[in-house]
Number of protein chains: 2
Amino acid sequence: MGQPSGVGAWLAGGVPPSGSYGEASRPAVSGRPAGSAADVELGSQVIILVPNVRFQTRLSYYWGRIIEGVQEELEERGIGSILITEQGTTRFASLINPRGVMGLVGVGFISYPVLLEIRNLGIPTVLIDHEEPLVPTDVLSMNNFEWMRRVANYLIGLGHRRLQFVGNLTYSRSFYDRWFGFRAMMEEHGLSTDGQHDGLLTVRGHNRSEMTEALEPMLQELQREERLPTAFACANDSIAICIMTILARMGVSVPGDVSVAGFDDIEDAALSSPTLTTVHVHKHDMGRRAVEALLRRVQQPASPVEKVLLTGELVIRASTGAARDDG
Amino acid sequence: MGQPSGVGAWLAGGVPPSGSYGEASRPAVSGRPAGSAADVELGSQVIILVPNVRFQTRLSYYWGRIIEGVQEELEERGIGSILITEQGTTRFASLINPRGVMGLVGVGFISYPVLLEIRNLGIPTVLIDHEEPLVPTDVLSMNNFEWMRRVANYLIGLGHRRLQFVGNLTYSRSFYDRWFGFRAMMEEHGLSTDGQHDGLLTVRGHNRSEMTEALEPMLQELQREERLPTAFACANDSIAICIMTILARMGVSVPGDVSVAGFDDIEDAALSSPTLTTVHVHKHDMGRRAVEALLRRVQQPASPVEKVLLTGELVIRASTGAARDDG
């Protein structure tokens, strides 16, 4: 749940010198100098880079499942892998012998300087759940726009008209795309998003306890002013669980008074009280699919860069229900 | 440029019974009944379905290049193809022996009933530039959101502050995604899209002459009220060319007074006067990539449905320039 400084850097946008992967200054895969025998053996290895930010660890129910998928797919294909989880320096390049590396799978947020070094080393790269417009690479992601659009459609279908999105829009590209999906469906139903609570769209906190502390005064304010929405669409499950904790403290019934939906389907979502309606992300498949995308890139270095969006599943549990009559 | 009735049907959204391709009621590929020798031979064929709407013909500079890409990739892989361009009936199913078909590539808009029939026949399917939430299939598309976002970023970087999007938002999913990309970048620069001209977001017309006729009074109105934007971001090149035709008639200099940008990079874009700034879509690669996606689906029928978004290239030509000082 952390927001490391600079995490919103992708928002800067901009036009890269070329959107075509193979045209960059890095050497073509086939043009690499022949290495020693040891190099050739190492060349069959893939680096899995997991920066130690935002709880992107192997133990995370979200990132952990993705990393497992990457490792399993590589194993089944007889390709070795090295998991790099710490990154105390941006001098990533000095650690790596590019001749020994077949490719790199980046999991989650990776800073611009590190991506630039990887590009300059000429290592074929696929990023999961992150993208950097100035260093175009293939990207694997959940179809965030589409599935948050469907969450909103589901809630509106239950009769809700006052819906509030919760999540810091600059936190990640995924959050941003989920916000746009939410707005898209609101607009398709003729509902305005002008009345969204600004604080809930910029909320910060590095863990659930900080997040709950930040969210509580805003929800109290909404309750005091009798502007509490009848449904919250949250940018992820952790935020949704914090919202439910606060609503319980405030004596607001979920889903009797207010419905709450999350996104990601982490294990906690099925264990929360009430159990959380959310979008299942095929985390394991996403990891596997990233390996496929990487091997494709190794084989076809000059084909246009692509972003692969995986489908999700709406998982309806106990935290959502019909809007009250006055909703 | 046509807007056949019902083309906005995808806007309805909705939640499909399952987002996972292989879980649908259609028989698994491996479970097909063994056919005769003739069937087996036919089974190596791929149907390329191009409904005869919206000028989606082989002769089109846009769709034609995509279809060529599909055909070439199939040919190189030794897979036969049948191009079906007419579709006078929705009883598509009666024409097809599913045992004879390896898969289907749909190019552009294909109606919901036809997609449902294809699904019920159990034919692995990839759609290019169209999607139907209720019949989930793999989809190949241009990264419309991202690249219209960059068009807007480029125009704002030239000093433009009064930007107008032009294109019917319900015409196609691509147009809709381009509109959201435009808004995203406007908002990132703190510019409002509240002042967009409603008529320019709902403009209709089946060809350039009808389109020009529909657009002309709106641009004249804007000029009369001295509300002419300093830059138009158009949903595609044909619309941009119509806008330039009208501005020329009105005595407005492009790009001296007003900049105009398109999208798609059809051949006309390089031949227009002035030549048109646009986004190059890798049409040929998109066709080829669709075949790759189809073969992947045939081999992995149960993996999660995916949407593959190809990168574009910003092509800067003569129709855009710095905003006037009073812009």
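Now for a description of the structure that goes with this document. The structure presented is a predicted model; accordingly, all values stated were derived computationally and were not measured.

## Quick look at the sheet that holds strand 3 (residues 101-107) of chain B
Here is step 1: Taken in spatial order, the twelve strands line up as 2(A)-1(A)-3(A)-4(A)-5(A)-10(A)-10(B)-5(B)-4(B)-3(B)-1(B)-2(B) in an open sheet, and their pairing is mixed. On the outer flanks of this sheet lie strand 2 (80-84) of chain A together with strand 2 (80-84) of chain B, each paired with one strand and no other. Shown here is a sheet whose adjacent strand axes are inclined to one another by a mean of 20°, direction ignored.
Here is step 2: In terms of strand pairing, strand 3 (residues 101-107) of chain A meets strand 4 (residues 125-128) of chain A through four bridges, oriented parallel. Bridge pairing in strand 4 of chain A places Leu 104 of chain A opposite Thr 125 of chain A.
Here is step 3: Along the sheet, helix 9 (residues 283-299) of chain B makes contact with strand 10 (306-310) of chain A together with strand 1 (45-49), strand 3, strand 4 (125-128), strand 5 (138-142) and strand 10 (306-310) of chain B, crossing strand 5 of chain B at roughly 160°.

## Let's talk about the packing of aromatic side chains
Here is step 1: Tallying each qualifying case throughout the model produces 15 aromatic pairs over all chains.
Here is step 2: Relative to Phe 182 of chain B, the ring of Phe 165 of chain B lies with its centre 5.5 Å away and its plane at 50°, an arrangement referred to as tilted. A residue pair is termed long-range when its members are at least 10 positions apart, and Phe 165 of chain B in strand 6 (residues 163-166) and Phe 182 of chain B in helix 5 (residues 173-188) qualify at 17 residues. Judged on exposure class, the residue Phe 165 of chain B and its partner Phe 182 of chain B are both buried.
Here is step 3: Through successive ring pairs, a cluster of aromatic residues spans Phe 145, Tyr 176 and Phe 180 of chain A together with Phe 145, Tyr 176 and Phe 180 of chain B.
Here is step 4: Positioned over the ring face of Trp 147 of chain B is Arg 150 of chain B, at 4.3 Å from the centre of the ring.

## Some words on the nonpolar core
Here is step 1: In terms of nonpolar packing, the biggest core is built from 164 residues, with Phe 232, Leu 247 and Val 260 of chain A together with Phe 232 and Val 260 of chain B touching the most fellow members.
Here is step 2: Sequence-distant contacts of Phe 232 of chain B, that is, excluding residues within four places in its chain, are made with Leu 155, Gln 164, Val 166, Leu 200, Leu 219, Ile 243, Leu 247, Val 258, Ser 259, Val 260 and Ala 261 of chain B.

## Notes on the sheet that holds strand 6 (residues 163-166) of chain A
Residues and elements named next belong to chain A.
Here is step 1: Read across the sheet, three strands follow the order 6-7-8 without closing on themselves; strand pairing throughout is parallel. Each edge of the sheet is formed by a strand with only one pairing partner; in this case those strands are strand 6 and strand 8 (259-261). Neighbour-to-neighbour, the strand axes of the sheet open up by a mean angle of 20°, direction not taken into account.
Here is step 2: Bridging between strand 7 (residues 231-234) and strand 8 involves three bridges; their strand directions are parallel. Opposite Ala 231, over in strand 8, you have Ser 259 as the bridge partner.
Here is step 3: This element, helix 4 (residues 144-157), spans strand 6, strand 7 and strand 8 of the sheet and lies at about 170° to strand 7.
Here is step 4: The strands touched by helix 5 (residues 173-188) are strand 6 and strand 7; relative to strand 6, the strand with the most contacts, the crossing angle is about 170°.

## Quick notes on the pattern of salt bridges
Between side chains of opposite charge, a pair can form as their charged atoms come close.
Here is step 1: Within the structure shown, the criterion is met by 51 salt bridges over all chains.
Here is step 2: Residues Arg 173 of chain A and Glu 146 of chain B are paired through a salt bridge, measuring 2.8 Å at the closest nitrogen-oxygen approach. Remark: Glu 146 of chain B occurs in helix 4 (residues 144-157) and Arg 173 of chain A occurs in helix 5; the pair is interchain, linking two chains. Grouping residues by exposure puts Arg 173 of chain A and Glu 146 of chain B together as buried.
Here is step 3: Across the pair Arg 324 of chain A and Asp 257 of chain A runs a salt bridge whose closest N-O atoms are separated by 3.9 Å. Here Arg 324 of chain A is found in the segment after strand 11 (312-315), whereas its partner Asp 257 of chain A is found in the loop between helix 7 (237-249) and strand 8, with 67 residues between them in sequence.
Here is step 4: Residue classification places Arg 324 of chain A among the partly exposed residues on the basis of a relative accessible area of 31%.

## So, the environment of Gln 220 of chain A
Residue and element names in this part refer to chain A.
Here is step 1: Within the secondary structure layout, Gln 220 lies in helix 6 (residues 208-224).
Here is step 2: Judged by its relative accessible area of 32%, Gln 220 is partly exposed.
Here is step 3: It is 7.7 Å that separates the C-alpha atoms of Gln 220 and Met 250, two residues lying 30 residues apart in sequence.

## Here's the deal with the environment of Leu 219 of chain A
Residue and element names in this part refer to chain A.
Here is step 1: Counting through the fold element by element, Leu 219 comes out in helix 6.
Here is step 2: Residues Leu 219 and Leu 247, 28 residues apart in the sequence, show an inter-C-alpha distance of 7.9 Å.
Here is step 3: Apart from the residues lying within four places of it in its own chain, the contact partners of Leu 219 are Leu 200, Leu 228, Phe 232, Ile 243, Ile 246, Leu 247 and Met 250.

## Some details on the packing of helix 4 of chain A against helix 5 of chain A
Residues and elements named next belong to chain A.
Here is step 1: For the pair helix 4 and helix 5, the least separation of the axes is 7 Å and the interaxial angle reads 40°. Judged by the angle between their axes, helix 4 and helix 5 are oblique. Crossing of helix 4 against helix 5: the hand is right-handed. Side by side, helix 4 and helix 5 meet where Asn 144, Phe 145, Met 148, Arg 149, Ala 152, Asn 153 and Ile 156 of the first sit next to Ser 174, Asp 177, Arg 178, Phe 180, Gly 181, Phe 182, Ala 184, Met 185, Met 186 and Glu 188 of the second.
Here is step 2: Counted by class, the contact of helix 4 with helix 5 contains nine nonpolar, four polar and four charged residues.

Criteria and thresholds
- Residues numbered from 1 in each chain as written.
- Chains lettered and ligands numbered in written order.
- Predicted model: local features only at pLDDT ≥ 70, side-chain atom pairs only at ≥ 80, totals over all residues.
- Heavy atoms only, no water.
- Pairing = 2+ DSSP bridges.
- Helix = DSSP H or I, 4+ residues; strand = E, 2+ residues; numbered from the N terminus.
- Axes fitted to C-alpha atoms, helices over the stretch in contact; angles between N-to-C directions.
- Contact = heavy atoms within 4.5 Å.
- Phe/Tyr/Trp six-rings, centres within 6.5 Å; stacked < 30°, edge-to-face > 60°.
- Buried < 20%, exposed > 50% of the residue type's maximum accessible area, 1.4 Å probe, protein only.
- Lys NZ or Arg CZ within 6 Å of the ring centre and 35° of its normal.
- Core = buried A, V, L, I, M, F, W, Y, C linked by side-chain atoms within 4.5 Å.
- Salt bridge = Lys/Arg side-chain N within 4 Å of Asp/Glu carboxyl O.
- Parallel < 35°, antiparallel > 145°, perpendicular 65-115°, else oblique.
- Left-handed = near helix turned anticlockwise from the far one by under 90°.
- Nonpolar A, V, L, I, M, F, W, Y, C, P; charged D, E, K, R; others polar.

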